[in-house]
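The chain contents come next:
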Amino acid sequence: MLPLYKKYWRTFFDIGLVVLTVYLVMLGFSKLYQLAAPVFLSFFVFLLIEPLARFLNRKGMAKPFASAISVVLFLVILLGVLFGAGLLITTQAIHLQNNLPKYTYVVQQHFTETTTYLQHKIDSLPSDVTDKLNGYFTDATNILSKWMVAFFKYMVGVLGSFSSFMANFGIAIILAFFLSMEIKDWRRIAHEKLPKTFKTAYAFLQGNVFKAIGSYIKAQMILISITFVIILAGLLILRTGNVLTIALVCALVDLLPLLGVPAVLIPWIIYLFIVGNTSLAIGLIVLLAVVMVVRQLLEPKITGNSIGVSSAFLMLSFVILSSSLFGIAGLILSPILLILLKELLQQGYLQQWIYLPQEEFVVSPFAASGTSTAGAPVNSGNGPAGNAEPDTQPAGPNPQAPVDPPSRPDNSSNT
């Protein structure tokens, strides 16, 4: 093992630094999100309201009025969506209330028939078997009751988190309004005060990472739309009723990791088998199979092409790991970091930052597209200088250009 450590200690150290940097970024973002969630949400709202405000400002309207009109329109659309969702839920709740006696009667009938059948079978069993079955039933009901208690506690926590989120979102709208008003000043300050390295890093993020994130969101919207259309068409064929509501709920649940459409359809299928509606249950099974097959075929293609990561296993594993470690902040940041790592790999930065022994690789595993040798950026030495940055590295400063021309008059002739 010692020769392995001697040969790869520098590689392990560089990879450890990258992993530590990613962990610290995730940890810092999760802590900052807990402390200043409205600030981060305001950036999202700003991205939604700024295009209209910028368009109105270009047409001659003052920026404060343009931002105000954009915020008002955003609130009207948001309240309209919430009102429509509330009206839809209320209508379905009233419909369920009217049909609840019918559903209760059907369940009671099947429960009575099942208990009568089981009673005849149990009477013919030996007493010790009956006692064991009663013990198993008691254990099962105790476990089920614990699950129900945990579920209700979880729902209480979700409702509390939702109320806190709505309060933070309201504050974020106000912050986004002021940010839209002052965005020119903030951009001017950033242009004048930020170091050149930060500007280059932001240009890299804007040209690669942010664009890929937009493509990822677009891909998710496409997948949700496909799921909605398939479920809507299937429910119309099966004539289940309330097809629009069920299709919308399935499309929204499809956004949640590890849940998706089965979280809605499987309990429904089980209920239909219990009440004896076998034909509709089989139809829903076929519909669920179609949805799952289409998702499995299209998701790696659409999502992988949008962010450049074709492995669904890698994406889902990274999302699960980050959300388990950092909660909602990790769930938000995980696609961004995955896209960032992919762009760093494609642009050749990981090949520059991580040292690899020259004699071990013909082609570097961190080589960007089109790189044919394993250690081109890392062959110039075995130490830190072996990863020396080339002259064309975008993130490095230009030694021939003056950093501050007003304070260096002797270099003005070189410019």
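In this text, all values refer to a predicted model and were calculated from it rather than measured experimentally.

The rules behind these values
Residues numbered from 1 in each chain as written. Predicted model: local features only at pLDDT ≥ 70, side-chain atom pairs only at ≥ 80, totals over all residues. Heavy atoms only, no water. Helix = DSSP H or I, 4+ residues; strand = E, 2+ residues; numbered from the N terminus. Buried < 20%, exposed > 50% of the residue type's maximum accessible area, 1.4 Å probe, protein only. Contact = heavy atoms within 4.5 Å. Core = buried A, V, L, I, M, F, W, Y, C linked by side-chain atoms within 4.5 Å. 1 Å grid on protein atoms, 1.4 Å probe; cavity = no way out; pocket = protein on both sides within 12 Å on 5 of 7 lines; lining within 4 Å. Points joined across faces, edges and corners; volume = space filled by probe spheres on them. Nonpolar A, V, L, I, M, F, W, Y, C, P; charged D, E, K, R; others polar. Expected span 1.5 Å × (residues − 1). Bend = angle between axes of the 7 residues up to and from the residue. Phe/Tyr/Trp six-rings, centres within 6.5 Å; stacked < 30°, edge-to-face > 60°. Axes fitted to C-alpha atoms, helices over the stretch in contact; angles between N-to-C directions. Parallel < 35°, antiparallel > 145°, perpendicular 65-115°, else oblique. Left-handed = near helix turned anticlockwise from the far one by under 90°. Salt bridge = Lys/Arg side-chain N within 4 Å of Asp/Glu carboxyl O. Patch = residues over 30% accessible without salt bridge, like charges linked within 9 Å, V, L, I, M, F, W, Y side chains within 5 Å. Areas by Shrake-Rupley, 256 points an atom, 1.4 Å probe, with all protein chains shown as cover. Polar contact = N/O pair within 3.5 Å; in protein donor to acceptor, adjacent residues only side chain to side chain. pLDDT = per-residue confidence, 0-100.

> Any chance you could break down the overall build of the protein for me, citing the residues and the numbers?
Each helix and strand counted, the protein has 11 helices and zero strands in total. Ordered by position from the N terminus, the helices and strands of the protein form the series α-α-α-α-α-α-α-α-α-α-α. Going through the 415 residues of the protein one by one, you find that 27% of them count as buried. Relative to all contacts within the protein whose residues are 6 or more apart in sequence, the contacts with residues 24 or more apart total 60%.

> Describe in detail the nonpolar core, supporting the description with residues and values.
In this structure, I231, L235, C250, V261, L284, L287 and V291 are the most contacted members of the largest nonpolar core, which totals 20 residues. Apart from residues lying up to four places away in sequence, V261 is in contact with T227, I231, C250, D254, L288 and V291. One finds V45, I49, F74 and F169 within the second-largest nonpolar core, a separate group that totals 10 residues.

> Tell me about the layout of surface pockets, and please be specific about residues and values.
By volume, the second largest pocket amounts to about 590 Å³. Counting residues per element, the ones that place at least two in the lining of the second largest pocket are α1 (2–35), α5 (196–238), α10 (328–346) and α11 (349–353). Tallied by class, residues from the lining of the second largest pocket come to 16 nonpolar, four polar and one charged.

> Account for α10, with residues named and values stated.
Taking 1.5 Å per residue, 19 residues should reach 27 Å; α10 reaches 28 Å between its end C-alpha atoms and fits that length. Along its length, α10 shows its largest kink, about 35 degrees, at S334, and proline P335 lies within four residues downstream of that point. Residues of α10 that are buried include every one of A329, G330, L333, S334, P335, L337, L338, I339, K342, E343 and L344, and no others. G348 lies just past α10 and shows a positive phi near 90 degrees.

> Report on the packing of aromatic side chains, specifying residues and quantitative values.
In total, this model carries two aromatic pairs according to the counting rule given. Ring centres 6.4 Å apart and planes at 45 degrees place the aromatic pair F74 and F169 in the tilted group. In this pair, F74 sits in helix α3 (residues 63–123) while F169 sits in helix α4 (residues 127–193), placing the two residues 95 residues apart along the sequence. Each member of the pair, F74 together with F169, is buried. Residues F177 and F178 carry aromatic rings whose centres are separated by 5.3 Å and whose planes lie at 65 degrees to one another, so their mutual orientation is edge-to-face.

> Give me the packing of helix α6 (residues 243–253) against helix α7 (residues 262–275): which residues, what numbers.
Each pair of packed helices gets described by two things: the angle between the helix axes and the distance between those axes. Their axes nearest at 8 Å, the elements α6 and α7 cross at an angle of 130 degrees. On the basis of their axis angle, the class for α6 and α7 is oblique. Facing α6, whose interface residues are I246, V249, C250 and V253, α7 presents A263, V264, L265 and W268. Partitioning the contact of α6 with α7 into residue classes produces eight nonpolar, no polar and no charged.

> Got a sec to walk through the packing of α5 against α6? Specific residues and values, please.
Packing of α5 against α6 leaves a shortest axis separation of 9 Å and a crossing angle of 150 degrees. In terms of orientation, α5 and α6 fall into the roughly antiparallel class. The hand of the α5/α6 crossing is right-handed. Residue-level contacts link I224, F228, I231, L232, L235 and L236 of α5 to V243, L244, I246, A247, L248, C250 and A251 of α6. The residue inventory of the contact of α5 with α6, partitioned by class, reads 13 nonpolar, no polar and no charged.

> I'd like a description of the pattern of salt bridges, backed by residues and values.
What the rule picks out here adds up to five salt bridges. Between E50 and K63 there is a salt bridge; the shortest N-O distance is 3.2 Å. With E50 in helix α2 (residues 37–58) and K63 in helix α3, the pair connects residues that are 13 residues apart, well separated along the chain. Salt bridges sharing partners connect three or more residues here, namely D185, R188 and E192.

> So what about a nonpolar patch on the surface? Which residues, and what values?
A cluster of nonpolar side chains, contributed by W9, F13, L17, L20, Y23, L24, L321 and L325, occupies part of the molecular surface with about 850 Å² of accessible area. Contributing elements (two or more residues each) for the nonpolar patch: α1 and α9 (312–326). Residue contributions to the nonpolar patch peak at six residues, all from α1. On the secondary structure map, L24 appears in helix α1.

> Go over unusual backbone geometry, please, and point to the residues and values.
For R239, which is not a glycine, the phi torsion comes out positive at approximately 55 degrees. Note on placement: R239 falls in the loop between α5 and α6.

> Break down the side chain of K63 for me, citing the residues and quoting the values.
According to the relative accessible area criterion, K63 is buried, its value standing at 10%. Leave out the neighbours within four places in its chain, and K63 touches E50, A53, N57, S180, M181 and I183.

> How would you summarise α5 if you had to cite specific residues and measurements?
The end-to-end C-alpha distance of α5, which contains 43 residues, comes to 62 Å, matching closely the 63 Å that a straight helix rising 1.5 Å per residue would cover. Maximum bend of α5: about 40 degrees, positioned at Q206. Downstream of α5 by a residue or two, R239 has a phi angle that is positive, lying close to 55 degrees.

> Help me get a handle on the side chain of R295, residues and values and all.
Mapping R295 onto the fold places it in helix α8 (residues 278–307). A relative accessible area of 12% means that R295 is categorised as buried. A distance of 2.8 Å separates a polar atom in the side chain of R295 from a polar atom in the side chain of D254.

> Can you tell me about the confidence of the model for the protein, naming the residues and giving the values?
Taken over all residues, the pLDDT of the protein has a mean of 75, while the share at 70 or more is 78%. Ranking the elements of the protein by mean pLDDT puts α9 last with 72 and α2 first with 88. Note on residues 370–415: pLDDT is under 50 here. Beyond four places in sequence and across chains, it has 52 contacts.

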